[in-house]
Amino acid sequence: QVQLVESGGGLVQAGGSLRLSCAASGTIFSINAMGWYRQAPGKQRELVATFTGIGSTNYGDSVKGRFTISRDNAKNTVYLEINSLKPEDTAVYYCNAQVRSTGSAPAFVFWGQGTQVTVSS
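The sections below set out a description of the structure shown in this document.

Here is what the cut-offs are and how they apply
- Residues numbered from 1 in each chain as written.
- Predicted model: local features only at pLDDT ≥ 70, side-chain atom pairs only at ≥ 80, totals over all residues.
- Heavy atoms only, no water.
- Pairing = 2+ DSSP bridges.
- Helix = DSSP H or I, 4+ residues; strand = E, 2+ residues; numbered from the N terminus.
- Axes fitted to C-alpha atoms, helices over the stretch in contact; angles between N-to-C directions.
- Buried < 20%, exposed > 50% of the residue type's maximum accessible area, 1.4 Å probe, protein only.
- Polar contact = N/O pair within 3.5 Å; in protein donor to acceptor, adjacent residues only side chain to side chain.
- Disulfide = S-S within 2.5 Å.
- Core = buried A, V, L, I, M, F, W, Y, C linked by side-chain atoms within 4.5 Å.
- Salt bridge = Lys/Arg side-chain N within 4 Å of Asp/Glu carboxyl O.

1. Comments concerning the sheet that holds strand β3 (residues 18–26)
In sheet architecture, strand pairing relies on hydrogen bonds along the backbone and comes in two forms, parallel and antiparallel.
Thinking step 1. As summarised here, the arrangement of the 4 strands in space is β1-β3-β8-β7, forming an open sheet in which the pairing is antiparallel. Here the strands that pair on one side only, and so sit at the sheet edges, are β1 (2–7) and β7 (67–72). Within this sheet the neighbouring strands show an average axis-to-axis angle of 15 degrees, counted without direction.
Thinking step 2. As paired elements, β1 and β3 share 6 bridges and run antiparallel to each other. Residue pairing in the sheet places Gln3 in a bridge with Ser25 of β3.

The following block contains the structure:
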């Protein structure tokens, strides 16, 4: 089994910054892709930023230029630097990873429990 644990959310004023972390643990052979999604009240979950299976990055249109994803492969951890926060960034931010537990196993998708980011105006 694989666990994803997010941290770093909180309440921040508009224009402020936060740094989110997500650490994967458990039975991990390889991580094909890992990144962040978010879900605001009454809205569908949307892509924020992710490392793809080929190692490139993919950002949601609404966060390009303000959010930066990075990773520490040795720690199975991804980070999300969030700058110039806006009230519309308020959401629960979820970590997502596609993980293979063995070399012959298919990749399964895992989700963290989420961390709340609230931006006040």
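More follows now that the structure is in view.
2. A word on the environment of Thr115
Thinking step 1. Along the polypeptide, Thr115 turns up in strand β11 (residues 115–120).
Thinking step 2. Residue classification places Thr115 among the buried residues on the basis of a relative accessible area of 11%.
Thinking step 3. For Thr115, the side chain forms a polar contact with the main-chain nitrogen of Gly9, separated by 3.2 Å.

3. Looking at the state of the cysteines
Thinking step 1. What the rule picks out here adds up to 1 disulfide.
Thinking step 2. Between the sulfur of Cys22 and that of Cys95 lies a disulfide, 2.0 Å long from S to S. Sign of the S-S torsion, about -85 degrees for the bond between Cys22 and Cys95, identifies this disulfide as left-handed. Pair noted here: Cys22 is in strand β3 and Cys95 is in strand β9 (residues 91–100), with a separation of 73 residues, a long-range link. Here the two residues Cys22 and Cys95 agree in accessibility, since each one is buried.

4. Brief notes about the nonpolar core
Thinking step 1. Counting 29 residues, the largest nonpolar core has Leu4, Met34, Trp36, Val48, Leu80 and Tyr93 as the members making the most contacts within it.
Thinking step 2. Going through the elements one at a time, β1, β3, β4 (30–39), β5 (46–51), β7, β8 (77–82), β9 and β11 are the ones with two or more residues in this core.
Thinking step 3. No other element matches the 5 residues that β9 contributes to this core.

5. Focus on the pattern of salt bridges
Thinking step 1. In the structure shown here, the tally under the stated rule is 5 salt bridges.
Thinking step 2. For the salt bridge of Glu46 with Arg38, the shortest nitrogen-to-oxygen distance reads 2.6 Å.
Thinking step 3. On the accessibility criterion, Glu46 (35% relative accessible area) is partly exposed.
Thinking step 4. Judged by relative accessible area, which is 5%, Arg38 ranks as buried.
Thinking step 5. For the salt bridge of Asp89 with Arg38, the shortest nitrogen-to-oxygen distance reads 2.9 Å. Linking Asp89 in the loop between β8 and β9 with Arg38 in strand β4, this pair joins segments that are 51 residues apart in sequence.
Thinking step 6. Given a relative accessible area of 0%, Asp89 falls into the buried group.
Thinking step 7. Linked by salt bridges that have partners in common, Arg38, Glu46, Arg66 and Asp89 make up one network.

6. What about unusual backbone geometry?
Thinking step 1. Unusually for a residue other than glycine, Asn76 sits at a positive phi of about 50 degrees.
Thinking step 2. Take Asn76: it is sitting in the loop between β7 and β8.
Thinking step 3. Phi at Ser84 takes a positive value of approximately 50 degrees, unusual for a residue other than glycine.
Thinking step 4. According to the relative accessible area criterion, Ser84 is partly exposed, its value standing at 40%.

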